Every structure is written in structure tokens, then in C-alpha cells.
Amino acid sequence: MSLGKIIKLFRNVKKKDTVENYSDICFLKGKTKNYADAQQQIQSEILKHLPKGKASIVESYIEERLNVGMFIQQKADVFVGHNVSDKNYLWTKRSDGTRAINSFSHVIVPGMWMKKRLLKSKSITLKPEQIFVGGAPRVDYLRSLQEEYQRTSAETKSRKKRVLWAPLHNSYKDSKNNVLSSYPAFSAYTTKLEQAFDLKVVLHPKNRTNKSALAKELVEADVVISDYSSVVYEAWALGKPVIFPRWLLGDAMIQKAPDSAEAYLFKNNIGYHAQSFEELQELLGKELTLSDDVRNFMQVYLDNFEPSKNASQKIAKKLEIWADKELQAKEALSDKKRLEIEEALQRTMKQNDALAKRLKPSTKHDAKQSLISANIDFSDYEVAVYFFGTK
């Protein structure tokens, strides 16, 4: 045997031994400290719902394993975002000009809103079955903190209203290099707010030496002031109203990323948009609640907006399937049945309007029952979206 063949054989054996030392699912660490804490929270929530030894956290990509990354430029098989905001992050380009998101086998998004946006985009080549609506695991983590806080805290009736200002980092800029965050501009108003409210200021980890992710202050807040940060969606998921200092932010996001979720919020004035500091003070003096427009948007944007839904459990279940070829085959068969039923329903409804009205279930429950009879089990929400175009 030649020396070259011996070296090749040795490398193959070494590679096999190395791979076998790793779990089926490998969560990749990020390279930046700014998001390390949030990343750890997300991974821990998902790991809770995976069998012991099924997953591990690794430094770099492991061949022949299912690699899960949280950053768009990472080499991974599965992408699950380290935050829940949009800001066109999923449209990030690689150095060669291609969209980084297209390199993943599977992409997990917070809700159906983002899935639809990706599928409509001409520069995104992902197929519908590659995009999985999973929700936001960090919301699960924050909810557990909130439940603990509500169970153990002793409320004081006479206390000041707790207001949290949690802005995006100031390195997010427009084409003219203008800062889009409310930081540092809103700093000019904090002293006055402290006179009337219990104000907490938590800057983005990029703008402070303490890199811990925002958690305790968000859970304890009554009202949140923010801009384009993930904090907006997390606050709403916890039932906390958000005020946008619109007099500082204007329509900058609409101009920078017109198709983003944040631009949608600003175009449609979803949430509380203060056009002046005086209006913001007036809003803080009221008993604010989550408005219907916020609830309606979040039902579509965040799959686990309702407290009864757990994103971490849903994602863990899907990761187990993706890591197992036999389970993947069964899922593919289920998807094939679903598509066959969908196509049959569409043909029937086109052929006979009267029959279509009779066939189309009047409730999500009826829709689900019709699928269960065909040995296909989907959630009410998935049935509504995939088959009947309603929520």
C-alpha cells in the first residue's frame, strides 16, 4: 500500500472517530460576545426539550451532524435567529454577493409573516418546506422569568410606574450614515422622565461593557420605550405596551428597509407612536394596554405570541426529525399527503362553487377533523393558513 493511501485511510478513520464523539444535533457558538448571553438562553430552552445526549454545543461545524447556527454568516445546516426582529437581516449578502440565507438546508422563522415575506422575495431561493415557522425560544425564557417574578414579587400600590428605555445599538445606520436608533438622541429626555417615573435605561450590549442580555428589567417594566429592537416584539409577547419616540425616528426605517416588519409597523402606526416628548409624557400618564392592531400583527408575526404555545418545544421536535433520516422520510410522506389534499380541494372549489361552499369547513376545528380522518395531524393555525387562507 502506498504512503498516500495509508495517509488517506488514517484521515478517514480519524474523521470517523471524531464525528462519533459528537451528538446528532450540534449548536454552534457565535463569535461575538454581544449576543452570547441571548444565544445561551435560546440554546438552553431548546435543549430542555431534547433527549439527554441528543444535542451539544460546539465551536465549529461538525461533518455528518445537524449543525444549528444563529448567525447568518455561519456555516450551518439549520438557521434559527439570535433575535426576533426583521431589519432585513435575512437578506444579508456574503462577500460573493449571494444571499447567505440560501445556503441553509432549513430556516426557522418567528412566524408566518416572515415566511411569506421570504417566499415572495425574488432573491431568496428557499422552498416552502425549507422554511419552518417555529416562534422565538427567547420569549419562552422571558415568560418563565415573568411567571417567577409574578409569583414571588410583592407589589406596592403607591410605587411609580416602571418605564424601560431599551434602544437598538447605534451602529445601525442609513445610507447617509445617520444613526437609526433612538440612542443616543433620547438620552436628552431621560432626566426629566426620572422625576415622574421609575426609569430604567438598558442599552444594547454593543453599547455597554456588560454584555448580558436584557431580561429582568423587561420583565419588571410596565411600559417600554424602544425603536427597531427585538425588545419591541418581546415586550408585546409579555403583554407590555411599547411607545416609539417617533419625533426622533421619523420614517427612516421605511426608507432604509421598506419591506421589513419594522417599516410595516411604522407605515401602519402599530403600537403607540409619540410625535413629541410631550405626547410621550401624556401616554406614560395613561393606563396603556396592547391594542388590537398589535395583537393582530403579533398573531401572525410570532408563532408563540399566545402564552400557551412553546417555541422551544416545537423547534426541538423539528430538529429531531431533521437529524434522523427515517423520521425525515415519514415527514416527507405526510407533506406529500397534505399537498395532495390541498390540490384536490382547490380543483373541487374551482369546478363547483356550490359544492366548494359545502366542502369548505366553517371552523378550524372542522378543518382539522377532516385532516385527521386522512391521518394527517396539524395545528389549528397551520390548517387555517395552509388550506383556507385565514387565521
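Residues numbered from 1 in each chain as written. Predicted model: local features only at pLDDT ≥ 70, side-chain atom pairs only at ≥ 80, totals over all residues. Heavy atoms only, no water.

Engineer: Explain the nonpolar core to me, using residue names and the numbers behind them.
Structural biologist: Residues Leu90, Ile101, Leu218, Tyr233, Trp236 and Phe297 are the most contacted members of the largest nonpolar core, which totals 64 residues. Ranked by residue count, the leading element in this core is helix α7 (residues 231-237), at six residues. In this structure tyrosine 233 touches Val84, Ser85, Ala261, Glu262, Leu265, Phe297, Met298 and Tyr301, once residues within four positions along its chain are discounted. Counting 19 residues, the second-largest nonpolar core is a separate cluster that includes Phe27, Ala55, Ile315 and Ala316. (Core = buried A, V, L, I, M, F, W, Y, C linked by side-chain atoms within 4.5 Å. Buried < 20%, exposed > 50% of the residue type's maximum accessible area, 1.4 Å probe, protein only. Helix = DSSP H or I, 4+ residues; strand = E, 2+ residues; numbered from the N terminus. Contact = heavy atoms within 4.5 Å.)

Engineer: Pulling in residues and values, what's your account of the packing of aromatic side chains?
Structural biologist: Taken as a whole and assessed by the stated rule, the structure comprises 21 aromatic pairs. Plain terms: the ring middles of tyrosine 233 and tyrosine 301 are 4.6 Å apart, the flat faces sit at 20° to each other, and that makes the pair stacked. Separated by 68 residues along the polypeptide, tyrosine 233 in helix α7 and tyrosine 301 in helix α12 (residues 292-301) bring together distant segments of the chain. By relative accessible area, which is 1% here, tyrosine 233 ends up buried. Pairing phenylalanine 244 with phenylalanine 266 gives two aromatic rings, centres 5.1 Å apart and planes at 65°, and the pair type is edge-to-face. One end of the pair, phenylalanine 244, is in strand β10 (residues 242-245); the other, phenylalanine 266, is in helix α10 (residues 261-267), with 22 residues separating them in the sequence. A relative accessible area of 0% means that phenylalanine 244 is categorised as buried. The ring centre of tyrosine 172 lies 5.0 Å from the NZ or CZ of lysine 256, which sits over that ring. (Phe/Tyr/Trp six-rings, centres within 6.5 Å; stacked < 30°, edge-to-face > 60°. Lys NZ or Arg CZ within 6 Å of the ring centre and 35° of its normal.)

Engineer: Talk me through the layout of surface pockets; I want residue IDs and the actual numbers.
Structural biologist: Counted as a void, the second largest pocket has a volume near 700 Å³. What lines the second largest pocket is a set of 34 residues, among which Tyr35, His82, Asn83, His169 and His204 lie closest to the centre. Residues belonging to the lining of the second largest pocket are distributed by class as follows: 16 nonpolar, 11 polar and seven charged. (1 Å grid on protein atoms, 1.4 Å probe; cavity = no way out; pocket = protein on both sides within 12 Å on 5 of 7 lines; lining within 4 Å. Points joined across faces, edges and corners; volume = space filled by probe spheres on them. Nonpolar A, V, L, I, M, F, W, Y, C, P; charged D, E, K, R; others polar.)

Engineer: Requested: an account of the sheet that holds strand β6 (residues 131-133), with residues and values cited.
Structural biologist: As summarised here, the arrangement of the six strands in space is β2-β1-β3-β4-β5-β6, forming an open sheet in which the pairing is parallel. In the strand order of this sheet, the two ends are held by β2 (55-58) and β6, each with one partner. Pairwise comparison of adjacent strand axes, ignoring direction, gives a mean angle of 25° for this sheet. Note that strand β1 (residues 25-28) and strand β3 (residues 66-69) share three bridges and pair parallel. Residue pairing for β3: phenylalanine 27 is matched across the bridge by valine 68. (Pairing = 2+ DSSP bridges. Axes fitted to C-alpha atoms, helices over the stretch in contact; angles between N-to-C directions.)

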